[in-house]
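Listed here are the chains, written in short residue letters.
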Amino acid sequence: MKTLVFAGSTRQQSFNRRLAAVAAQAARDLGADVTLLELADFELPLYNGDLEAQGTPDKVRELKAIVHAHPAWIICSPEYNASYTGLLKNTLDWLSRPIAGDADWAVGTKPFNNKVVGLLAASNGALGGVRGLGQLAPLMRQLQCWVAPKQFALGQAATAFDDKGLLRDATQQASVVGVVEQVLHTARKLNA
Ligand SMILES: Cc1cc2nc3c(=O)[nH]c(=O)nc-3n(C[C@H](O)[C@H](O)[C@H](O)COP(=O)(O)O)c2cc1C
């Protein structure tokens, strides 16, 4: 199962990028073919309809093709003001746009349609970013994704990882694995 894992942060020491690495390894351990994507590698401009009218940026096309090729996704979403980040929204907005004059990308939701998406979050706060996930789930459903019922928000993230980047707490690790398992199980059934 081709599985895409990415974080809605490009910060060097990002907790969510660290959690994405943990989730990616969990997915590999469950037999998935994992792409651990870094949004920093794409540097998408802020969406603007005038810019789009000059031609969809090549990086948007590239990213649309990548996400479309993965039936299973895990998103690690930081929480900004009880919601998801502008980076994540901007990325999803660009990905949801049809490309004028390109029949392959005439349907905006094509990269999202029928993807099975697991949601994780990490924050140094007590709630771990769970409120942001409450906003992100309906957005992903709007985009025609199947959102896994299990989700996990890692609180006190600054002390949660050891120096190898692994989660110290076995229960938290099991929660990440639980989300990944549910995503892979469902994606495998949906694409059988
Ligand atoms: C604008 C802004 C708003 C934030 N709002 C929240 C919040 O509502 N809840 C929370 O737990 N953390 C909040 N934080 C702290 C982030 O969780 C913290 O910056 C975290 O490290 C971001 O994720 P990252 O480590 O993956 O980059 C906020 C940070 C910023 C910059």
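Residues numbered from 1 in each chain as written. Predicted model: local features only at pLDDT ≥ 70, side-chain atom pairs only at ≥ 80, totals over all residues. Heavy atoms only, no water.

**Student:** Hey, could you run me through the packing of helix 1 (residues 15-29) against helix 6 (residues 170-190) in this one?
**Tutor:** For any two helices packed against each other, one specifies the inter-axial angle together with the distance between the axes. Where helix 1 meets helix 6, the axes come as close as 9 Å, and the angle between the chain directions of the two elements is 55 degrees. It follows from the interaxial angle that helix 1 and helix 6 lie oblique. For the element pair helix 1 and helix 6, the recorded crossing hand is right-handed. Note on element contacts: helix 6 touches helix 1 through Gln 173, Val 176, Val 177, Val 180 and Leu 184, opposite Leu 19, Val 22, Ala 23, Ala 26 and Ala 27. (Axes fitted to C-alpha atoms, helices over the stretch in contact; angles between N-to-C directions. Helix = DSSP H or I, 4+ residues; strand = E, 2+ residues; numbered from the N terminus. Parallel < 35°, antiparallel > 145°, perpendicular 65-115°, else oblique. Left-handed = near helix turned anticlockwise from the far one by under 90°. Contact = heavy atoms within 4.5 Å.)

**Student:** Would you explain the UniProt feature "domain: NADPH-dependent FMN reductase-like" (unreviewed entry) in the chain in this entry?
**Tutor:** With numbering aligned to this structure, UniProt lists the feature "domain: NADPH-dependent FMN reductase-like" (unreviewed entry) at residues 1-158. With 34% helix and 20% strand, residues 1-158 has end C-alpha atoms that lie 31 Å from one another. (UniProt positions renumbered as here; feature names shortened; annotations may be inferred.)

**Student:** I keep staring at empty space enclosed by the protein and nothing clicks. Help me out?
**Tutor:** A probe as big as a water molecule, rolled over the atoms, marks out the empty space that is left. Tallied over the entire structure, the rule returns 1 cavity of 30 Å³ or more. Roughly 30 Å³ of internal volume is contained in the largest cavity. Around the largest cavity, the lining residues are Phe 6, Leu 37, Leu 39, Leu 63, Val 67, Thr 91, Leu 92 and Leu 95. Breaking the lining of the largest cavity down by element, the ones donating at least two residues are helix 3 (58-68) and helix 4 (86-95). The dominant element in the lining of the largest cavity, judged by the number of residues it contributes, is helix 4, at 3 residues. (1 Å grid on protein atoms, 1.4 Å probe; cavity = no way out; pocket = protein on both sides within 12 Å on 5 of 7 lines; lining within 4 Å. Points joined across faces, edges and corners; volume = space filled by probe spheres on them.)

**Student:** Can you walk me through the side chain of Ser 9 in this structure?
**Tutor:** Positionally, Ser 9 belongs in the loop between strand 1 (2-7) and helix 1. Among the polar contacts listed, one links the side chain of Ser 9 to the backbone nitrogen of Arg 11, at a separation of 3.1 Å. Engagement of the side chain of Ser 9 in a polar contact is seen with the side chain of Ser 14, the distance being 3.4 Å. Discounting chain neighbours no more than four positions away, the residues touching Ser 9 are Ser 14, Arg 17, Pro 78 and Leu 87. (Polar contact = N/O pair within 3.5 Å; in protein donor to acceptor, adjacent residues only side chain to side chain.)

**Student:** Just to check I follow, could you spell out the pattern of salt bridges for this structure?
**Tutor:** Between side chains of opposite charge, pairing is possible as soon as their charged atoms come close. Inspection of the entire model under this criterion finds 6 salt bridges. Here Arg 17 makes a salt bridge to Glu 38, at a shortest N to O gap of 2.9 Å. Taken together, the positions of Arg 17 in helix 1 and Glu 38 in the loop between strand 2 (33-37) and helix 2 (49-53) put the pair 21 residues apart, joining distant regions of the chain. Accessibility expressed as a relative area gives 22% for Arg 17, which makes it partly exposed. The salt bridge involving Arg 97 is made with Glu 52; its shortest N-O contact spans 2.8 Å. Note that Arg 97 is positioned in the loop between helix 4 and strand 4 (116-122) and Glu 52 in helix 2, a separation of 45 residues in sequence. Taking relative accessible area as the criterion, Arg 97 reaches 33% and is therefore assigned partly exposed. (Salt bridge = Lys/Arg side-chain N within 4 Å of Asp/Glu carboxyl O. Buried < 20%, exposed > 50% of the residue type's maximum accessible area, 1.4 Å probe, protein only.)

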